[in-house]
Amino acid sequence: MKYTIKTFVFDTEQLLLTQAGEVIALRMNEAKLLALLLSEPGKLFSKEEILDKVWVGKVVAEQAVFQNIRHLRAVFGEESIKTFSKKGYQWQLPLTQVGSDEAGSIPLNSISLAKPFFPKRIVASLVLGCLLSVAVMVWHSYQATASLPSIALLPLISGGDVDPEVLDSLRIDLENTDGFTQVIANNQKVPEDFFWAPQKYFPALSQAAQVPYVAVAKVTQQPEGLRVRYQLNSRTATWRAEHQAPTAAALAGLMKQHLQVIVNSGLLEIDQQNAVLRAAQLKLLHNEYSQDLNLVYGLIDLHLRIGDAASARVLARFLQSESSRQQDKLMLAKGYLAEAKVYTSENLLADAELLLAKAESVFSTINDKDNLAEVEHERIVVALTHHNYDQVQAHIQRALEYVRRAGDVLGEYRFNTWAAVLAHKFQRDQDSSAYLDDAKAVLDKHQRDADLYGLIHFYAGMFAQDEATAEVQYRTVLELIPADQDWWERERAQVHLSELLIKQSRWQDAQDLYANQELDAAEELQVGKIWLAQREWTKAEAHGIRAFEQANMNGQLQNALDAAAYLLQLDKRQGRSADSFYQQFLLEQAANVPLWIRFNQSTIAELGLALQEP
């Protein structure tokens, strides 16, 4: 059956879209989705129904529906498909049937409505392949959209030495752009804290402004103009970027251009932990916009996170070359810093120190205190690798001086808490306590909210000399930070406390930590460990399988590797033959995350797997 839609003709049997006789490219799933929507134009299709009928027998994230809907809207107009919150989607444009007097339904075989049965473990094995196809699916050029999607913009943060008129000029330029919505914060600490704790503010800000994205930016004066460091958040992901420009107008132009690329690419719809899919999407973006230096730096950072030093090094060299060509000193220095991180990860410390000196020289020239603190951060890592506590201390003090001069309150707080951890590693307990006291003093001085003290209590629990004190500190973290907010320190306090309770055989207390809440993959695995400690094999395995499946569903490869290793350890504990499915999964997928191999050597040896870092 054929329909006329505006100036288009769509054949639901051939799944072919044409305009004036020319074929308009649609991906197969986009064409299937369009055919489904047109089969009953007045019907509201739920996400679940769309997934069942378009992605038959495949396990894909719900974001795949969103991305395909977005592309169809780019073709037919935003008004073509209406979204009903938490209900689904409905076709809106008038249709004219072509070549038939009687309307009919779409042939079932044209969109394969039959849904076959797939055993759970077979489904799990398909997921990683599906992720790569979704990476292509979510991509379409920002040029297909005329303006920026809606972004809530928090009040701009001044680096301290920016002319207020310049700051106002930049703010007005951004706010007068279609897509930006100004957000009025109760006080200046909200935009400042958003950089470090977006999970605390994002839900309320997004809901109040009725937008899917929230942005915050800090502007500083430099000898050759202005620099902006900004952060964009969605419900599932964070993106950071920096620009320098001679004027506020030029800076606003760079921000808008880059934000348009990021938002319309779908990158922010991909879960932050889905490293495989994010890397695939960033590679597509980099290939399309090779002169966008922030895309290069983001891709380097992602490769470093998963332990792919070789790819990170190549990109760092490219960043240096391209930033030199563009005469961008900021990104040139970041290229040096990125390559230094690569060498540190490979234990090539002399090479790392040379590049850090280069980065420091350029950052000093442009008076970039934030990034000078980042250089000191990496020097701390080098000194730690050298096991030189005096150097660690010296670089910590320099880093603290830079963040204070930059006016970064939470940066100062975070460096103090990290310093406490490092002092504890060197068994300098007095220094460790002093750094935690300094971190608390920073929050007290600037009257920060109680939840930010959670990190101090978490480390105090880690450093506690007895289990009773540790338990009190961990429970304090859980009381200070709401369960519905995704804070690292809360998640870790929950894990550490559950392990302490397991050690004391307080099974019910450990289970209660995870009661009455929806569990993510990591939490499912931890609950499995509680049952494992009780030798409740069936329950331990059920939670492990759920952790594995959920991690795969969300593209969280490291969590999936953890779950697969756990299930193999469970087989060994019970004296069963190792499940070849999970063995094969580890052998095939662990190479994608070299850091996982590096930090799980004892587990790999226990399981007798031939896994080495690539």
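K.L.:
Honestly, the pairing of strand 6 (residues 88-91) in this entry has me stumped. Any pointers?
P.N.:
A two-sided burial pattern is seen for strand 6, the buried positions comprising Gly-88 and Gln-90 on one face and Tyr-89 and Trp-91 on the other. The pairing of strand 5 (residues 81-84) with strand 6 spans 4 bridges and is classified as antiparallel. Each residue of the ladder has a partner; that of Ile-81, found in strand 6, is Trp-91. Between strand 5 and strand 6, which follow one another and run antiparallel, lie 3 residues, and Lys-86 among them has a positive phi close to 65 degrees.

K.L.:
Even after reading the chapter, I still don't get the packing of aromatic side chains, so can you show me in this structure?
P.N.:
Per the stated rule, a full pass over the model turns up 12 aromatic pairs. Plain terms: the ring middles of Phe-581 and Tyr-582 are 5.1 Å apart, the flat faces sit at 80 degrees to each other, and that makes the pair edge-to-face. Taking NZ or CZ as reference, Lys-334 lies 4.0 Å from the ring centre of Tyr-297, over its face.

K.L.:
Help me out: how do you make sense of the packing of helix 15 (residues 369-385) against helix 16 (residues 389-405) in this one?
P.N.:
Here helix 15 crosses helix 16 at 165 degrees, and the two axes come no closer than 8 Å. With respect to helix 16, the element helix 15 is oriented roughly antiparallel. For the pair helix 15 and helix 16, the sense of crossing is left-handed. Listed contacts from helix 16 to Lys-369, Leu-372, Ala-373, Glu-376, Arg-379, Ile-380, Ala-383 and Leu-384 of helix 15 are Gln-391, Val-392, His-395, Ile-396, Arg-398, Ala-399, Tyr-402, Val-403 and Arg-405. Partitioned by chemical class, the residues of the contact of helix 15 with helix 16 number 10 nonpolar, 2 polar and 5 charged.

K.L.:
Help me out: how do you make sense of the confidence of the model for the protein in this one?
P.N.:
Do not read the predicted coordinates in detail wherever pLDDT is low. Counting all residues, the mean pLDDT for the protein is 86, and 90% of those residues have values of 70 or more. Within the protein, helix 4 (residues 108-111) has the poorest average pLDDT of any element, 28, and helix 19 (residues 454-463) the best, 97. Here residues 100-146 is modelled with pLDDT under 50, and outside its nearest four sequence neighbours on either side it reaches 97 contacts, counting other chains as well.

K.L.:
Even after reading the chapter, I still don't get the side chain of Asp-11, so can you show me in this structure?
P.N.:
Within the secondary structure, Asp-11 sits in strand 2 (residues 8-11). Notably, Asp-11 is buried but unbridged: the nearest opposite-charge side chain belongs to Lys-2, and the N-O separation is 4.5 Å. For Asp-11, the residues in contact, after removing those within four places along its chain, are Met-1, Lys-2 and Leu-16.

Calculation rules
- Residues numbered from 1 in each chain as written.
- Predicted model: local features only at pLDDT ≥ 70, side-chain atom pairs only at ≥ 80, totals over all residues.
- Heavy atoms only, no water.
- Buried < 20%, exposed > 50% of the residue type's maximum accessible area, 1.4 Å probe, protein only.
- Helix = DSSP H or I, 4+ residues; strand = E, 2+ residues; numbered from the N terminus.
- Pairing = 2+ DSSP bridges.
- Phe/Tyr/Trp six-rings, centres within 6.5 Å; stacked < 30°, edge-to-face > 60°.
- Lys NZ or Arg CZ within 6 Å of the ring centre and 35° of its normal.
- Axes fitted to C-alpha atoms, helices over the stretch in contact; angles between N-to-C directions.
- Parallel < 35°, antiparallel > 145°, perpendicular 65-115°, else oblique.
- Left-handed = near helix turned anticlockwise from the far one by under 90°.
- Contact = heavy atoms within 4.5 Å.
- Nonpolar A, V, L, I, M, F, W, Y, C, P; charged D, E, K, R; others polar.
- pLDDT = per-residue confidence, 0-100.
- Lys, Arg positive; Asp, Glu negative; His and termini not counted.
- Salt bridge = Lys/Arg side-chain N within 4 Å of Asp/Glu carboxyl O.

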